[in-house]
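Letter by letter, the chains look like this.
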Amino acid sequence: MISTTLVVCAVFVPICFLSGQTGLLFRELAVAMIGAVAFSGFLALSLTPMLCSKMLKQEKRGRFTGWVDDQFRKLENVYGRWLGRAITKPLLPLIGVLAFLFAAGAAFMTLQSELVPAEDQGIAQVQISAPEGTGFDQMDAYMLGVQGKLLPLVDQGTVRTIITRTPGGFGASDDFNSGTFIVFLKPWEEREKSTQDIAQQINRILANEPAVRGNAQVRSALGRGRGQPINFVLAGNTYEGLAAARDRILAAAAANPGIINLDSDYKETKPQMRIEVDTTRAGDLGVSVNDVSQALQTLLGSRRVSTYLDRGEEYRVIVQADAENRSTLANLAQIQVRARDGSLVPLSNLVTTREVSGPRDLGRYNKLRAITLSGGVAPGYSLGEALTFLQEQAAQSPEVLAVGYRGESQAFVETGGSILLVFGLTILIIYLLLAAQFESFVHPGVIIMTVPLAVAGGMLGLFFFGKTLNLYSQIGIVMLVGLAAKNGILIVEFANQLRDEGKEIAEAIRLASARRLRAILMTSIATAAGAVPLMLADGAGAGARSAIGVVIVFGVMLATLITLFLIPILYSRLAKWTGSPQAVSRELDAAMASQQPAE
């Protein structure tokens, strides 16, 4: 009892030390589970025996209880006969175990991977982009045009409201060629279509828009920020080389139907006006470069010069030329700066201009020049497949020295690495804990052999139910480590006790397995039954609950059926390398009993 309680608690210890978004999500779960399991073990060792002594005074069993007991005894007899054959001729059972693991491995190769399963939160995010250099007025006109085609969705009864934002970002920026729609759906009980269905409908509308491009995505439950799920960074020595690699990758992604509207943050097409000051002439007239800069900033851009109070409200005073006076190159002649002698000099006499195009910003990643590719994922195509595709394309580009991730893609990659670390630490902690409990390094190894079977069962469950390998299913797999090891502990512990009584290894493991069969089946059925509601969950949050439920139900049940034969087979072959825990004590007692008393 103590061993199983400590093992199940130990499973959640590494989860407490997860960093980042994953740690914030599951740290509370780990602490709650450790407390619940520890308190349950305390009650099982204290309150349960007391209640049994008070409530189980009638030894005679009822009719139903007797029938259940008879069925379990028949099952134990059948299991004992099959187990005897398996221990005597273990080749066929071992082949079956290998076939099971091979089938699970094949299922694992077909599983899609993502950060979290798609949840119908009733919110769809629509990202819109226009050509570089598009001004606010023009972008706002584009957004209003698209908005007019989306508003009929409200009349259809599924969409509750649509929020439009121009530009799309929430930070300070000089670019206005982006926009965002946030589509809010009605509650579950008032609609028949899912958020994914609405997103696909919006994408069909956007595909017919010639002036803008964009895509609608279901907002991720754990996504960082409001951007696209794909954020793939290309890093290298020069932007020219990265641009060549970017073009090849974008062309390859355009032929991949699973990636939607992959775009780059580095574009050489942003129109720019380069203004160069004739410093010699400006110096002769007594005009400083700072005066020229202030004039350009104030009239063509804008500048906050003061504030004033009116009826308790503070207002900013911003200086800027009218729109019609700052829209053409000829407007430079209308801007005048004051010379040293007090006269006004047209700015066009002091500067020369030329139109150029270039990137709006120059990104960096780990001190390398970088370009970020952003895009969406089509239904039926996972984020893991998209990132794998981009990694393969980047590996074929010699200009790319390193790759990185941002946003949801970064969370996906970090989560996968941290879960593998947690899984390894969990197995190590459980092995060391069992080694201390059994005072042997062999018995814990036998028990740990149940872990791959439980994981394989979870993989098959995900495959049969069409689920993905995501953060929640990975946490379920970590939980399987403790749940699966529990069966091995029950068998091995009782077999060791029988060996202490002097029984041979083969007889001890057969008797232990048969006598512990009822306890193993009852605990396994109870565990799986508790996860069945999760597996069959529907409604809000069903994706996360179903992922954990499928893994636990299939992992526990399949691992239990196989370990009932595998553990005895391994124990019968490996226990000969270990002594009975009380063997030394029995030898000392026998030696002391055989000594003659001194006269």
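Just above, that's the structure.
Rules of the game
The residue numbering used here restarts from 1 in each chain and proceeds along that chain's sequence as written. Since the coordinates come from a predicted model, pLDDT governs what is reported: local features require at least 70, and pairs of side-chain atoms require 80 or more to be given and counted, while whole-chain, interface and lining totals use all residues. To get the side-chain values, all heavy atoms of the structure are used, and hydrogens and water are removed first. To qualify as a helix, a DSSP run of H or I must reach at least 4 residues; to qualify as a strand, a run of E must reach at least 2; elements of each kind are numbered from the N terminus. Residue exposure (1.4 Å probe, protein chains only): buried if accessible area is under 20% of the type maximum, exposed if over 50%, otherwise partly exposed. By definition, residues are in contact when any of their heavy atoms lie within 4.5 Å. Areas reported here follow the Shrake-Rupley algorithm with a probe of radius 1.4 Å; residue values treat only the protein chains shown as occluding. A residue counts as positive if it is Lys or Arg and as negative if it is Asp or Glu; His and the chain ends are not included. For this purpose, a charge sits on NZ of Lys, CZ of Arg, CG of Asp or CD of Glu. Distance and chemistry together define a polar contact, namely a pair of N or O atoms within 3.5 Å, with one atom able to donate a hydrogen and the other to accept it when in protein, and with adjacent residues in sequence counting only for side-chain atoms on both sides. In what follows, salt bridge is the name for a side-chain nitrogen of Lys or Arg lying within 4 Å of a carboxyl oxygen of Asp or Glu. Patch membership needs two things, relative accessible area over 30% and no salt bridge, and members are linked within 9 Å if like-charged or within 5 Å if nonpolar (Val, Leu, Ile, Met, Phe, Trp, Tyr). Think of a 1 Å grid over the protein atoms and nothing else: a 1.4 Å probe that fits but is trapped marks a cavity, an open set flanked by protein within 12 Å on at least five of seven lines marks a pocket, and residues with an atom within 4 Å of a point count as lining. Grid points are joined across faces, edges and corners, and a volume is the space filled by probe spheres set on the points. Under the grouping applied here, Gly and all other residues not named as nonpolar or charged are polar, the nonpolar ones being Ala, Val, Leu, Ile, Met, Phe, Trp, Tyr, Cys and Pro and the charged ones Asp, Glu, Lys and Arg. We call Phe, Tyr and Trp rings a pair once their centres come within 6.5 Å, taking the six-membered ring for Trp, and we label the pair stacked below 30 degrees between planes, edge-to-face above 60, and tilted otherwise. Axis geometry follows a simple rule: fit a line to the C-alpha atoms, using only the stretch in contact for helices, then measure angles between N-to-C directions, giving values from 0 to 180 degrees. Relative orientations are named as follows: roughly parallel for angles under 35 degrees, roughly antiparallel for angles over 145 degrees, roughly perpendicular for angles from 65 to 115 degrees, and oblique for any other angle. Handedness of each helix crossing follows the sense of rotation of the near helix against the far helix: counterclockwise by less than a right angle gives left-handed, clockwise gives right-handed. Residues belong to one nonpolar core when they are buried, are Ala, Val, Leu, Ile, Met, Phe, Trp, Tyr or Cys, and are joined through side-chain atoms within 4.5 Å. By this rule the span expected of a helix is its residue count minus one, scaled by 1.5 Å. What the arc covers is the set of directions going from the helix axis to the C-beta atoms. Pairing between strands is defined by DSSP: at least two bridges between the two strands are required.

Things to note about the overall build of the protein
So, point 1. Each helix and strand in the protein was counted, giving 19 helices and 15 strands.
So, point 2. Dimensions along the principal axes, computed over C-alpha positions, put the protein at roughly 130 × 65 × 55 Å.
So, point 3. When burial is assessed residue by residue, the protein has 43% of its 599 residues classed as buried.
So, point 4. Long-range contacts, defined here as pairs at least 24 residues apart, represent 76% of the contacts in the protein between residues at least 6 apart.
So, point 5. Counting every atom, the protein has about 31,700 Å² of accessible surface; 58% of that belongs to carbon and sulfur.
So, point 6. Here the protein contributes 53 positively and 51 negatively charged side chains, and the mean placements of these two sets differ by 8 Å.

Regarding the side chain of T298
So, point 1. Residue position: T298 is located in helix α11 (residues 289-301).
So, point 2. There is a polar contact of 2.8 Å between the side chain of T298 and the side chain of R303.
So, point 3. Setting aside anything within four residues of it in sequence, one finds T298 in contact with R303, V319, Q320 and A321.

Remarks on the pattern of salt bridges
So, point 1. One pass over the structure, following the stated rule, counts eight salt bridges.
So, point 2. Among the salt bridges present, the one from E268 reaches R246, with a minimum N-O distance of 3.4 Å. In this pair, E268 sits in the loop between β6 (259-264) and β7 (270-277) while R246 sits in helix α9 (residues 239-254), placing the two residues 22 residues apart along the sequence.
So, point 3. Residue classification places E268 among the partly exposed positions, given a relative accessible area of 32%.
So, point 4. The exposure class assigned to R246 is buried, which follows from its relative accessible area of 6%.
So, point 5. Of the charged contacts, one joins D263 and K267 as a salt bridge, the two residues approaching to 2.8 Å between their closest N and O atoms.
So, point 6. On the basis of relative accessibility, which here comes to 17%, the residue D263 falls in the buried class.
So, point 7. A residue is classified by how much of its surface remains accessible, and K267, at 21% relative accessible area, is partly exposed.
So, point 8. Put simply, R246, D247 and E268 are held in one network by salt bridges that share partners.

Some details on the side chain of R191
So, point 1. With respect to the element layout, R191 can be found in the loop between β3 (178-185) and α8 (195-206).
So, point 2. We classify R191 as buried; its relative accessible area is 11%.
So, point 3. A polar contact of 2.9 Å, which involves the side chain of R191, links it to the backbone oxygen of K193.
So, point 4. If near-sequence neighbours (up to four positions away) are discounted, R191 is found in contact with D120, G122, T158, L185 and K186.

Focus: unusual backbone geometry
So, point 1. Each neighbour pair has its own omega, and for T166 with P167 the value is -5°, a cis peptide bond.
So, point 2. By the element assignment, P167 lies in the loop between β2 (159-165) and β3.
So, point 3. Phi angles above zero are rare outside glycine, and N366 is one such case at about 55°.

Considerations on a nonpolar patch on the surface
So, point 1. Taken together, the side chains of V13, F17, L421, L425, L428, I429 and L432 present a nonpolar region at the surface, about 650 Å² in accessible area.
So, point 2. Counting through the fold element by element, V13 comes out in the loop between α1 (2-12) and α2 (20-45).
So, point 3. The exposure class of V13 is partly exposed, given its relative accessible area of 33%.

Description of the layout of surface pockets
Taking a probe equal in size to a water molecule and rolling it over the atoms shows the remaining empty space.
So, point 1. If you add up the space inside the second largest pocket, you get close to 1,200 Å³.
So, point 2. For the second largest pocket, the lining is made up of 28 residues, of which P271, M273, L300, G301 and R326 are closest to its centre.
So, point 3. For the lining of the second largest pocket, the secondary structure elements donating two or more residues are β7, α11 and β12 (351-358).
So, point 4. Considering each element in turn, the lining of the second largest pocket owes the most residues, five residues, to β7.
So, point 5. Looking at the lining of the second largest pocket residue by residue, the class counts come to ten nonpolar, eleven polar and seven charged.

Considerations on the packing of aromatic side chains
So, point 1. The full count for this structure, using the stated rule, is ten aromatic pairs.
So, point 2. Connected via pairs of aromatic rings, a cluster forms that spans F463, F464, F465 and F554.

Here we look at the packing of α9 against helix α12 (residues 383-395)
So, point 1. Look at α9 against α12: their axes get within 10 Å of each other, and the N-to-C directions meet at 140°. Judged by the inter-axis angle, α9 sits oblique to α12. Every pair of crossing elements has a handedness; the one defined by α9 and α12 is right-handed. Counting all contacts with α9, which are made through I249, A252 and A253, the residues of α12 involved are F389, L390, Q393 and A394.
So, point 2. When its residues are assigned to classes, the contact of α9 with α12 shows six nonpolar, one polar and no charged.

Here's the deal with the nonpolar core
So, point 1. Grouped together as the largest cluster of nonpolar side chains are 107 residues, with contacts concentrated most on I15, I230, L234, I259, L390 and I430.
So, point 2. In terms of residues, this core owes the most to one element, helix α16 (residues 471-500), which gives 18 residues.
So, point 3. Excluding residues within four positions of it along the chain, L390 makes contact with I230, F232, I249, I259 and L262.
So, point 4. I128, V146, I202 and V212 belong to the second largest nonpolar core, which has 22 residues in total.

Remarks on α8
One turn of an α-helix holds 3.6 residues; hence residues three or four places apart share an orientation.
So, point 1. For α8, with twelve residues, the first-to-last C-alpha span of 16 Å sits near the 16 Å given by 1.5 Å per residue.
So, point 2. Listing the buried residues of α8 in full gives T195, I198, A199, Q201, I202, I205 and L206. The arc that holds the buried residues of α8, viewed along the axis, is 160°, so those residues lie on one side.
So, point 3. The elements touched by buried residues of α8 are β1 (123-129), α6 (136-150), α7 (152-155), β2, β3 and β4 (213-218).

What to know about the packing of helix α15 (residues 450-464) against helix α18 (residues 542-574)
So, point 1. Closest axis-to-axis distance for the α15/α18 pair is 7 Å, and the angle between their directions is 135°. Our classification of the angle between α15 and α18 gives oblique. Of the two possible hands of crossing, α15 and α18 adopt the one that is right-handed. For the pair α15 and α18, contact is made by T450, L453, A454, G457, G458, L460, G461, L462 and F464 and by A547, V550, V551, F554, G555, L558, A559, I562, T563, L566 and I567, respectively.
So, point 2. For the contact of α15 with α18, the per-class residue count stands at 14 nonpolar, six polar and no charged.

Concerning the sheet that holds β2
So, point 1. If you walk across this open sheet you meet the four strands as β2-β3-β1-β4, and the pairing is antiparallel. Looking along the sheet, the strands with just one partner apiece sit at the ends: β2 and β4. Within this sheet the neighbouring strands show an average axis-to-axis angle of 15°, counted without direction.
So, point 2. As paired elements, β2 and β3 share six bridges and run antiparallel to each other. Looking at the pairing, I163 lines up with I182 of β3.
So, point 3. Those strands touched by α6 are β1, β2 and β3, and its axis lies near 25° from that of β3.
So, point 4. Contacts from α8 reach β1, β2, β3 and β4 within the one sheet, and its direction differs from that of β4 by about 175°.

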